[in-house]
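Structure assessment
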Amino acid sequence: MPMSKEPYRILIVDDTPENMEIIGKLLESEGYDLYLAENGQSALTLAQKVDFDLILLDIMMPILDGFQTYSEIKKLKPLDPTPVIFLTAKVDIESVIKGFEIGGADYVRKPFNGLELKARVKYQLQLRSMKQEIAYQNKCLQEANQKLQAYATTDPLTQLFNRRKITELIQYEMERSKRNQTGFSIMIGDIDHFKNVNDTHGHSFGDFVLEKTSRRFIESVRSQDSVARWGGEEFLILMPETDAQGAGILAEKLRTVISETAYEYSSGVLHITMTFGVCSYDGAQSLEQLVKRADDALYFGKVHGRNRVILWDESIAALDD
């Protein structure tokens, strides 16, 4: 959330009551929400309970001096420490440098000049607001980029990878296979008689079938496999480091899982079947050739009865000729 319109919360830490009174009178007219602590330990107790926008912190205090106090306060919010203006009667450069080294935003010398103190406080509060707004805008931008990335790579209905993304993954796997001399396989699965599902039960039920089928795929494949909606009622599964036999076993498992799945609707239960075409990468095919061979195997299965797994081989290629 961007900065709210609530008053800025300022913690004033000084072991001299007169100094706190002077600072309080100077700042109360600005509408700030002021908190007072007479020592470092009291400041720590308040900092644990309240998210301050700024701390005015005296350096010279007993038990816990200002440097020690701020070091402890920063531990409460290590990623976004509250800015501090150190208050000091000392003018030695060593104290000034030490204050900045531990993360101080500014310092003001005592006795205070009222206009200077108010100006420095106002500047630090404005700077903090700008940093918080930038952080908020960056977070929104990151979330928007993540959504755009999801839109670019994900099918909106099934939440599976889309055709573009799975194509990129196949291309990567082809390059990896050539480098490492490891094979891989793909399968294309198509829901049998899906047009009848839509025509009989409506497109909303057809979408439900696609969504549930997608979930069953995700539940059933291995962690290294990638599942995509290839188009319509077709799905493509990429199986790294898997030969034709291993891919055929997984395809048969998926065929069985889908055939045993009950798709319930208002007046009954529907069971569907799927046909799968499988092809392994031989190191020479182009992406288009690899996909076409898996698709040819799928078509062969459709022609020869559906609800089956077909592994591409040269006999199918001969039929295509």
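Below is a summary of the structure that appears in this document. (Residues numbered from 1 in each chain as written. Predicted model: local features only at pLDDT ≥ 70, side-chain atom pairs only at ≥ 80, totals over all residues. Heavy atoms only, no water.)

Description of the side chain of Gln124
Of note, Gln124 is situated in helix α5 (residues 114–153). For Gln124, a relative accessible area of 5% gives the class buried. Not counting the four nearest positions on each side in its chain, Gln124 is found in contact with Leu54, Ile85, Ala105 and Asp106. (Helix = DSSP H or I, 4+ residues; strand = E, 2+ residues; numbered from the N terminus. Buried < 20%, exposed > 50% of the residue type's maximum accessible area, 1.4 Å probe, protein only. Contact = heavy atoms within 4.5 Å.)

A few points about unusual backbone geometry
The residue after Lys110, namely Pro111, is reached through a cis peptide bond having omega -5°. Although it is not a glycine, Gln159 adopts a positive phi angle of roughly 65°. Within the element layout of this structure, Gln159 appears in the loop between α5 and α6 (163–180). Taking the relative accessible area as the measure of exposure, Gln159 reaches 56% and is therefore exposed. Even without being glycine, Gln181 reaches a positive phi, approximately 55°.

As for the sheet that holds strand β1 (residues 9–13)
In spatial order, the strands read β2-β1-β3-β4-β5; together these five strands make up an open sheet with parallel pairing. The sheet terminates laterally at β2 (33–37) and β5 (106–109), the two strands that pair on one side only. On average, each strand axis in the sheet is tilted by 20° relative to the strand beside it, whichever way the strands run. Alignment of strand β4 (residues 84–88) against β5, held across four bridges, turns out to be parallel. (Pairing = 2+ DSSP bridges. Axes fitted to C-alpha atoms, helices over the stretch in contact; angles between N-to-C directions.)

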